[in-house]
Amino acid sequence: MTIETILSIFLGIGLAASVGFRVFLPLFALSLATYFGKWDLNDSWLWIGSSTAVITLGIATLVETVAYYIPVVDNFLDTIAIPLATIAGTAVMVSTVADLSPVVTWALAIIAGGGTAAAVKSSASATRLGSTVSTAGFGNPLVSTIETGTSIVMSIISIFLPILAIILVLCIFYIVYKLYKKIRPNPPKPS
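None of the values given here were measured: they were computed from a predicted structure.

Rules of the game
Every chain is numbered independently, its residues counted from 1 as its sequence is written. For a predicted model such as this one, the threshold for reporting local features is a pLDDT of at least 70, and the threshold for listing and counting side-chain atom pairs is 80 or more; totals across whole chains, interfaces and linings nevertheless cover every residue. Based on all heavy atoms of the structure, the side-chain values leave hydrogens and waters out of the count. A carboxyl oxygen of Asp or Glu within 4 Å of a side-chain nitrogen of Lys or Arg is what we treat as a salt bridge. Only DSSP runs of H or I covering at least 4 residues are called helices, and only runs of E covering at least 2 are called strands; the numbering of each starts at the N terminus. Partly exposed describes any residue whose relative accessible area lies between the buried limit of under 20% and the exposed limit of over 50%, with all areas from a 1.4 Å probe on protein chains only and scaled to the type maximum. Centres within 6.5 Å are what make two rings of Phe, Tyr or Trp a pair, Trp counting through its six-membered ring; a difference in plane orientation under 30 degrees is then read as stacked, over 60 as edge-to-face, and the rest as tilted. Look at NZ for Lys and CZ for Arg. If either is within 6 Å of the ring centre and within 35 degrees of the ring normal, a charge sits over the ring. Note on terminology: a nonpolar core comprises buried Ala, Val, Leu, Ile, Met, Phe, Trp, Tyr and Cys residues joined through side-chain atoms within 4.5 Å. Contact between two residues is taken to exist if any of their heavy atoms lie within 4.5 Å; hydrogens are not considered. In this analysis, axes come from line fits to C-alpha atoms, helices being fitted only over the stretch in contact, and the angle between any two N-to-C directions falls in the range 0 to 180 degrees. Each angle is binned into one of four classes, with values under 35 degrees roughly parallel, values over 145 roughly antiparallel, values of 65 to 115 roughly perpendicular, and all other values oblique. Each crossing gets its hand from how the near helix is turned against the far one by less than a right angle, where anticlockwise is left-handed and clockwise is right-handed. Note on residue classes: Ala, Val, Leu, Ile, Met, Phe, Trp, Tyr, Cys and Pro are nonpolar, Asp, Glu, Lys and Arg are charged, and everything else, Gly too, is polar. Each patch is built from residues that are more than 30% exposed by relative accessible area and take part in no salt bridge. Like charges join if they lie within 9 Å; nonpolar side chains (Val, Leu, Ile, Met, Phe, Trp, Tyr) join within 5 Å. Calculation of accessible area relied on Shrake-Rupley with a 1.4 Å probe; when residues are assessed, cover is drawn exclusively from the protein chains displayed.

Draft legend 1. Geometry of the pattern of salt bridges. The full count for this structure, using the stated rule, is five salt bridges. A salt bridge links Arg-128 to Asp-74, with the shortest nitrogen-to-oxygen separation between them at 3.6 Å. Linking Arg-128 in helix α5 (residues 102-135) with Asp-74 in helix α4 (residues 73-96), this pair joins segments that are 54 residues apart in sequence. The same class applies to Arg-128 and to Asp-74, which are both buried. The shortest N-O distance in the salt bridge between Glu-147 and Arg-128 comes to 2.4 Å. Of the two residues, Glu-147 is situated in helix α6 (residues 140-160) and Arg-128 in helix α5; the sequence distance between them amounts to 19 residues. We note that Glu-147, like Arg-128, is buried. When salt bridges with common partners are traced through the structure, they connect Arg-22, Asp-74, Asp-78, Lys-121, Arg-128 and Glu-147 into a single cluster.

Draft legend 2. Layout of the packing of aromatic side chains. Counted by the stated rule, this structure contains two aromatic pairs. Arranged with centres 5.1 Å apart and planes meeting at 85°, the rings of Tyr-35 and Phe-36 form a pair that is edge-to-face. Accessibility expressed as a relative area gives 42% for Tyr-35, which makes it partly exposed. In this arrangement the basic side chain of Arg-22 is found over the ring face of Tyr-68, its NZ or CZ atom lying 3.9 Å from the centre.

Draft legend 3. How the structure looks around the nonpolar core. Core analysis: the largest hydrophobic core is formed by 35 residues, its most contacted members being Ile-13, Val-19, Leu-41, Trp-45, Val-92 and Met-93. Apart from the residues within four sequence positions on either side, Val-19 is in contact with Pro-26, Ala-85, Ala-88, Gly-89, Val-92 and Ala-117.

Draft legend 4. A look at the environment of Pro-141. Position of Pro-141 relative to the elements: it lies in helix α6. Sequence spacing of Pro-141 and Ile-70 is 71 residues, and the spatial spacing of their C-alpha atoms is 8.3 Å.

Draft legend 5. Spatial organisation of the packing of helix α1 (residues 3-19) against α4. With their axes 8 Å apart at the nearest point, α1 and α4 run at an angle of 160° to one another. Taken as axis vectors, α1 and α4 run roughly antiparallel relative to one another. In this structure, the crossing between α1 and α4 has a hand that is right-handed. Facing α1, whose interface residues are Ser-8, Ile-9, Leu-11, Gly-12, Ile-13, Leu-15, Ala-16 and Val-19, α4 presents Ala-85, Ala-88, Gly-89, Val-92, Met-93 and Thr-96. Residues belonging to the contact of α1 with α4 are distributed by class as follows: 10 nonpolar, four polar and no charged.

Draft legend 6. Seen up close, the side chain of Glu-147. Under the relative-accessibility criterion, Glu-147 is labelled buried at 4%. Each residue touching Glu-147, except ones within four places of it in the same chain, is listed here: Phe-21, Arg-22, Ala-124 and Arg-128.

Draft legend 7. Looking closely at a nonpolar patch on the surface. On the surface, Ile-152, Ile-156, Phe-160, Leu-161, Ile-163, Leu-164 and Ile-167 cluster together into a nonpolar patch covering about 630 Å² of accessible area. With respect to the secondary-structure elements, Leu-164 resides in helix α7 (residues 162-183). The partly exposed category is assigned to Leu-164, whose relative accessible area is 35%.

Draft legend 8. How the structure looks around unusual backbone geometry. Within the chain, Val-72 stands out as a residue other than glycine whose phi angle is a positive 75°. You can see Val-72 is positioned in the loop between α3 (51-67) and α4. Here the phi dihedral of Asp-99 falls at roughly 65°; this positive angle occurs in a residue that is not glycine. On the basis of relative accessibility, which here comes to 59%, the residue Asp-99 falls in the exposed class.

Draft legend 9. View of the packing of helix α2 (residues 24-35) against α3. Between α2 and α3, the least distance of the axes is 8 Å, while the angle of their chain directions is 155°. With respect to α3, the element α2 is oriented roughly antiparallel. Between α2 and α3 lies a crossing of left-handed hand. Of α3, the residues touching α2 (which contributes Phe-24, Leu-25, Leu-27, Phe-28, Ser-31, Leu-32 and Tyr-35) are Ser-51, Ala-53, Val-54, Leu-57, Gly-58, Ala-60, Thr-61 and Glu-64. When grouped by side-chain class, the residues that make up the contact of α2 with α3 number 10 nonpolar, four polar and one charged.

In C-alpha cells form, the structure reads like this:
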C-alpha cells in the first residue's frame, strides 16, 4: 500500500466525520479541492470537480447551514440527516480512495466512511435533542454554529493535512465515547 493510498483513506475518513456534522459542506470542500487541482479523485468521480458541481454543492451547503438555524427545521433535518450522512460518508470515501480493488474500496467506504459519518451524525443529533429539551431550543443556534465550524475545520484539515484529520477523528470518537459513558444510565446494582 502506497503513501498516496493511505493518505486518500485518511482524507476519506476525515471528510466522512465532517459529513456527520454537515452533509453538504464536506462535499463542497472536496468539490473545490478537486476543481482547483488540490486533490485527484477516482475517474468515475471527477464530475465532483466540475463548475456545475461546485455551484450546486455550494448552494446546498448554504441552504443546509441556514436551515439548521431555523427552529423545528433543525430537528427535522436531524431526523433525515443520519441516512443522508451515511450515504454521503460512503460517497466521499469511495471517491477519494486510490489504488485499491473495487471490493476493498467499497467495503472500506461502507464501513469506515458510512460508519464514521453515521456515528458522528447520531451523536450530533443526540446533542441537538438534548439542547432542545434542556433549553427549549434556545441553545440550538449555538449547537448549529459549533457543528458548522467543526465541519469546516475538519474538511479543511482533511484536505490539506489528512494525517492530522485521522487523529482528530479518533479524538472525536473518544469524546463521544466519554460523553456516552457519562450520560448512559447506570445499571442497577445487584442486591
